[in-house]
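Fold and contact review
Below are the chains, spelled out letter by letter.
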Amino acid sequence: MPDWVNAAYEDYAKRLPPQCRLRLREIPAGRRTKGADIGRLVQEEGARQMAAVPAGCRVIALETAGKQMNTQQLAENLESQLARGEDLALLIGGPEGLARACVDKANEVWSLSRLTLAHPLVRVVLAEQLYRAWSIINHLPYHR
């Protein structure tokens, strides 16, 4: 990832308290070569993603066709998740998106936008929106 992506993600991640900690697990994308079977690569990436999800996590797949929320709705959703004490595994797809198996096994499917966003942007936008939602829950001035 470019330095600006890592810096932006880390900035928002470090603002969150321990009970709402973000931990990034990068799953290597399959090698895209000139004759590569993209369908197989996406399927293998999905299997690696699901294998990396810790037991007991609520799985949320991020897809353009998922449920769209405004920031207040995201805050309400996050507050509900925190109250249940469930850990969340937020799955972001590779260059061709998430494997169908990841979407099918997810407890929820969210959309950050109907636009297709580059993976680096999704990482930053998601971290910022989670921090913003946490700020709303805790009545911090950041959201203004």
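Rules and cut-offs
Residues numbered from 1 in each chain as written. Predicted model: local features only at pLDDT ≥ 70, side-chain atom pairs only at ≥ 80, totals over all residues. Heavy atoms only, no water. Helix = DSSP H or I, 4+ residues; strand = E, 2+ residues; numbered from the N terminus. Rg over C-alpha atoms; globule rule 2.2 N^0.38 Å. Buried < 20%, exposed > 50% of the residue type's maximum accessible area, 1.4 Å probe, protein only. Contact = heavy atoms within 4.5 Å. Areas by Shrake-Rupley, 256 points an atom, 1.4 Å probe, with all protein chains shown as cover. Lys, Arg positive; Asp, Glu negative; His and termini not counted. Charge placed at Lys NZ, Arg CZ, Asp CG, Glu CD. Pairing = 2+ DSSP bridges. Axes fitted to C-alpha atoms, helices over the stretch in contact; angles between N-to-C directions. Expected span 1.5 Å × (residues − 1). Core = buried A, V, L, I, M, F, W, Y, C linked by side-chain atoms within 4.5 Å. Parallel < 35°, antiparallel > 145°, perpendicular 65-115°, else oblique. Nonpolar A, V, L, I, M, F, W, Y, C, P; charged D, E, K, R; others polar. Left-handed = near helix turned anticlockwise from the far one by under 90°.

Observations regarding the overall build of the protein chain
Looking only at helices and strands, the protein chain features 5 helices and 3 strands. Walking the protein chain from its N terminus toward its C terminus, one meets helices and strands in the order α-α-β-α-β-α-β-α. Rg of the C-alpha trace for the protein chain: 15 Å, near the compact-globule value of 15 Å for 144 residues, within the 12% margin. Looking at the protein chain as a whole, 39% of its 144 residues are labelled buried. Here the contacts in the protein chain between residues at least 6 apart in sequence split such that 78% fall between residues at least 24 apart. Put simply, the protein chain shows about 8600 Å² of open surface, and 51% of that area lies on carbon and sulfur atoms. Once the 19 positive and 16 negative side-chain charges of the protein chain are each reduced to a mean point, those two points are 1 Å apart.

Considerations on the sheet that holds strand β3 (residues 108-111)
Sheet strands pair via backbone hydrogen bonds, and the direction of the pair is either parallel or antiparallel. Read across the open sheet, the 3 strands follow the order β2-β1-β3; overall the sheet is parallel. Where the open sheet ends on each side, the last strands, each with one partner, are β2 (88-91) and β3. Going from strand to strand, the sheet's axes swing by 40° on average, the running direction of each strand aside. With 4 bridges joining them, strand β1 (residues 58-68) and β2 adopt parallel strand pairing.

Focus on helix α5 (residues 119-137)
Under the 1.5 Å per step criterion, the end-to-end length of α5 is 27 Å for 19 residues, consistent within 8% with the ideal 27 Å. For α5, a buried count of 15 out of 19 residues is recorded, marking the element as mostly surrounded by other parts of the structure. Within two residues after α5, H139 carries a phi angle of roughly 55°, on the positive side.

Considerations on the nonpolar core
Grouped together as the largest cluster of nonpolar side chains are 20 residues, with contacts concentrated most on L78 and W134. Of all the secondary-structure elements, those providing two or more residues to this core are α1 (3-15), β1, α3 (71-84) and α5. Here this core takes 9 residues from α5, the largest share from any one element. Beyond its immediate chain neighbours, meaning those up to four positions away, W134 contacts L16, P17, Q19, C20, L78, L82 and L140. Membership of the second largest hydrophobic core comes to 12 residues, among which are A89, L91, L98 and V103.

Concerning the packing of α3 against α5
α5 packs onto α3 with a crossing angle of 75° between their chain directions and a minimal axis gap of 8 Å. Taken together, the axis directions place α3 and α5 in an arrangement best described as roughly perpendicular. Of the residues in α5, those touching α3 at T71, Q72, L74, A75, L78, E79 and L82 are Q129, L130, R132, A133, W134, I136 and I137. Along the lines of polarity and charge, the residues of the contact of α3 with α5 split into 9 nonpolar, 3 polar and 2 charged.

Considerations on the packing of α1 against α5
Contact geometry of α1 with α5 gives a least axis separation of 9 Å together with a crossing angle of 20°. As summarised for this structure, α1 and α5 are arranged roughly parallel, according to the angle between their axes. For the element pair α1 and α5, the recorded crossing hand is left-handed. Here α1 contributes W4, V5, N6, A8, Y9, Y12 and R15 to the contact with α5, which in turn contributes P120, L121, R123, V124, A127, E128 and Y131. Among the residues making up the contact of α1 with α5, the classes are represented as 10 nonpolar, 1 polar and 3 charged.

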